[in-house]
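What the coordinates show
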Amino acid sequence: MELISVNDAHDIIDHQRRDFGVERIPTVAALGRTLAEDVRADRDLPPFDRVTMDGIAICFKKARLSEAFHLQATQAAGEPPCILQSADQCIEVMTGAVLPVGTDTVVPYEWLQIESQLVHILTPAKVIESQNIHFKGKDARQHDLLIKMDTPVTASVIQVLAAVGKRDVLVYKLPKVILLSTGDELVDIADVPKDYQIRRSSNYALVAQLQQYGINTVQKHLVDEETIIQQAIADALQAYDIVLLTGGVSKGKFDFIPFALEQAGVQNLFHGVRQRPGKPFWFGVHPAGALVFAFPGNPVSTQLCVQRYLLPWLQAHVGRKPVVMRYAKLREEVTFEPALDYFLQVTLATDDQGQTWATPCRGNGSGDFANLIHADAFLALPAAQSAFKTGDVFPYWLIHS
Ligand SMILES: Nc1nc2c(c(=O)[nH]1)N[C@H]1C(S)=C(S)[C@@H](COP(=O)(O)OP(=O)(O)OC[C@H]3O[C@@H](n4cnc5c(N)ncnc54)[C@H](O)[C@@H]3O)O[C@H]1N2
Ligand code: MOO
């Protein structure tokens, strides 16, 4: 197995560009997707002068604030605007109502005394012209750009889409992804494992990670039998844009995956990266277009490869901004001899100078998936060095992104 560098592995994957197109979907189903169109205001925001406090509306310009006002009418939210008849009158207004014609100021109930249709303002000196009105067009004018394309759809984005009447929205299409897991020691989440078996857990982590992008990954577990694996791979390559595999890529007697992939016509672009964890990572492309990420089985290795290679690639393909490189200072000395990039599990903390510090939180190797709960990131320590000093700065990859 000819090992390549982490950067070369990244570049090889990055070069594999695919266009999955765009699609129009219901806004209610768009959470987590990425906008493929600009969103503009269909009318002014707010669309009318909106009352923001329950109370009375008066004409400040003409009124005498120290004298009583006659209650003329009540203006409820959702009703067309009343018209103020004269400056010694007022209209009761409710939050969300349109400001009555001829009024320009709202005085809240808390500042009033109301007795048999006569209203006194208790603190006339406090009243300021135009108070408690959210004026038409204050937030945005009709046709203004409210949200740029390429913005991830959050609850706030959905709120704006709803406000401008977009029942459907154009988003980037997601790739179709299948996850084929291998390993006869693995049983399903619902099964009770025998003493020498374990539940497959990486599958669920991976499915959850892709779910954050809105991708519904199909899962299939394969028994370690060459013909079954070969058939499943061949079927997956026809129907999916991305085929993910876990396990079976190192040197064991039942590690059929690299052979099976090549038999299926997948071009091997690399097998083995100078890194720990995740050294036996295999990546290739099928002539019909599918990409194949075959992750080493150890759960931390799978995770590292997902975070370091799959998610950045995906990020660029669902319209998201590229992952921004972040850096942290090493809190304590670390020694790592092998000529491999070492992705050290760390916790992160920011000090009062605004500097981020990475404290090692190693765990027990690449089988110790429970340790990932405690770690915040993989700190990337380069292969060229073996002694890493306190205070040295290195890039990191967030684990829970
Ligand atoms: N002679 C050598 N042996 C190994 C080498 C090597 O270079 N020479 N590399 C080691 C490294 S590094 C890794 S990483 C593993 C990767 O091996 P495989 O990809 O073949 O993975 P498996 O053997 O199938 O599984 C490894 C380990 O992970 C557990 N596993 C697998 N899938 C899942 C899953 N979906 N959920 C939870 N756990 C999973 C599996 O039970 C094994 O314990 O090889 C080393 N060996
Ligand atoms: O990559 Mo293996 O991931 O060193 O256990």
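About the thresholds
Residues numbered from 1 in each chain as written. Chains lettered and ligands numbered in written order. Predicted model: local features only at pLDDT ≥ 70, side-chain atom pairs only at ≥ 80, totals over all residues. Heavy atoms only, no water. Axes fitted to C-alpha atoms, helices over the stretch in contact; angles between N-to-C directions. Helix = DSSP H or I, 4+ residues; strand = E, 2+ residues; numbered from the N terminus. Parallel < 35°, antiparallel > 145°, perpendicular 65-115°, else oblique. Left-handed = near helix turned anticlockwise from the far one by under 90°. Contact = heavy atoms within 4.5 Å. Nonpolar A, V, L, I, M, F, W, Y, C, P; charged D, E, K, R; others polar. Near = heavy atom within 4 Å. Polar contact = N/O pair within 3.5 Å; in protein donor to acceptor, adjacent residues only side chain to side chain. 1 Å grid on protein atoms, 1.4 Å probe; cavity = no way out; pocket = protein on both sides within 12 Å on 5 of 7 lines; lining within 4 Å. Sits in = over half its atoms within 2 Å of the grid points. Areas by Shrake-Rupley, 256 points an atom, 1.4 Å probe, with all protein chains shown as cover. Pairing = 2+ DSSP bridges. Core = buried A, V, L, I, M, F, W, Y, C linked by side-chain atoms within 4.5 Å. Buried < 20%, exposed > 50% of the residue type's maximum accessible area, 1.4 Å probe, protein only. Domains from an automatic or database assignment. Points joined across faces, edges and corners; volume = space filled by probe spheres on them. Phe/Tyr/Trp six-rings, centres within 6.5 Å; stacked < 30°, edge-to-face > 60°. Lys NZ or Arg CZ within 6 Å of the ring centre and 35° of its normal.

Regarding the packing of helix 1 (residues 6–15) against helix 6 (residues 299–317)
Between helix 1 and helix 6, the least distance of the axes is 10 Å, while the angle of their chain directions is 25°. For the element pair helix 1 / helix 6, the angle class is roughly parallel. Seen from above, helix 1 lies across helix 6 with right-handed handedness. Within the contact between the two elements, helix 1 uses Val6, Asn7, Ala9, His10, Ile13 and Asp14 and helix 6 uses Arg308, Tyr309 and Trp313. Partitioned by chemical class, the residues of the contact of helix 1 with helix 6 number 5 nonpolar, 2 polar and 2 charged.

Concerning the site of ligand 2
Around ligand 2, the surrounding shell consists of Arg276, Pro277, Gly278, Lys279, Pro280, Asn298, Ser301 and Ser366. At 3.0 Å, a side-chain N or O of asparagine 298 approaches an oxygen atom of ligand 2. According to the grid-proximity analysis, the pocket containing ligand 2 is the largest pocket. Its residues assigned to classes, the shell around ligand 2 shows 2 nonpolar, 4 polar and 2 charged.

A few points about the site of ligand 1
Around ligand 1, 20 residues are found, and the nearest of them are Glu185, Ser201, Asn203, Ser250 and Gly297. Within the backbone of asparagine 298, one N or O atom sits 3.3 Å away from an oxygen atom of ligand 1. Coverage of ligand 1 by the protein chains reaches 71% of its 860 Å² of free accessible surface. Given that more than half its atoms are within 2 Å of the pocket grid, ligand 1 belongs to the largest pocket. For the shell around ligand 1, a count of residues per class yields 6 nonpolar, 10 polar and 4 charged.

A look at the sheet that holds strand 16 (residues 218–222)
Read across the open sheet, the 6 strands follow the order 16-13-17-21-20-18; overall the sheet is mixed. The strands lining the two open edges of the sheet, one partner per strand, are strand 16 and strand 18 (267–271). Across the sheet, the axes of successive neighbouring strands diverge by a mean angle of 20°, strand direction being ignored. Where strand 18 and strand 20 (residues 282–285) come together, 4 bridges link them in antiparallel fashion. For asparagine 268, the partnering residue across the bridge sits in strand 20 and is glycine 284.

Notes on the nonpolar core
Within the largest apolar cluster, 41 residues are counted, with the highest numbers of intra-cluster contacts made by Leu244, Phe281, Phe293 and Phe295. Those elements that place two or more of their residues in this core are helix 1, strand 13 (177–182), helix 3 (202–211), strand 17 (242–246), strand 20, strand 21 (291–295), helix 6 and strand 26 (377–381). When residues of this core are assigned to their parent elements, the largest contribution, 9 residues, is made by helix 6. Shared between two domains, this core takes at least three residues from each, and those domains are domain 1 (6–20 + 174–317) and domain 4 (326–398).

Points about the layout of surface pockets
Quantified by volume, the largest pocket comes out at close to 560 Å³. Around the largest pocket, the lining is made up of 32 residues, and of these Gly247, Gly248, Pro296, Gly297 and Asn298 lie nearest the centre. Take the lining of the largest pocket: its biggest share by element is 3 residues, from helix 6. Broken down by class, the residue content of the lining of the largest pocket amounts to 9 nonpolar, 16 polar and 7 charged.

A short note on the pairing of strand 20
Taking every second residue as pointing to the same face, both faces of strand 20 are buried, with Trp282 and Gly284 on one and Phe283 and Val285 on the other. Pairing of strand 20 with strand 21 involves 4 bridges; the strand directions are antiparallel. Bridge pairing links phenylalanine 283 to phenylalanine 293 in strand 21. Connecting strand 20 to the next strand, strand 21, in antiparallel fashion are 5 residues, including glycine 289 with a positive phi near 125°.

Focus: the packing of aromatic side chains
Enumeration according to the criterion identifies 11 aromatic pairs in this entry. Here phenylalanine 281 and phenylalanine 293 contribute two aromatic rings whose centre-to-centre distance is 6.5 Å and whose plane-to-plane angle is 15°, an arrangement assigned as stacked. Here the residue phenylalanine 281 occupies a position in the loop between strand 19 (275–276) and strand 20, and phenylalanine 293 occupies one in strand 21, the gap between them amounting to 12 residues. Above the ring of tryptophan 111, the side-chain terminus of lysine 126 is found at 4.5 Å from the ring centroid.

Side note on the packing of helix 3 against helix 6
Between helix 3 and helix 6, whose axes approach to 11 Å, the crossing angle comes to 20°. Classified by the angle between their axes, helix 3 and helix 6 sit roughly parallel to one another. Taken as a pair, helix 3 and helix 6 cross one another with a handedness that is right-handed. Between helix 3 and helix 6, the residues in contact are Ser202, Ala205, Leu206, Gln209 and Leu210 and Pro299, Thr302, Gln303, Val306, Gln307, Leu310, Leu311 and Leu314, respectively. Taken together, the residues that form the contact of helix 3 with helix 6 break down as 8 nonpolar, 5 polar and no charged.

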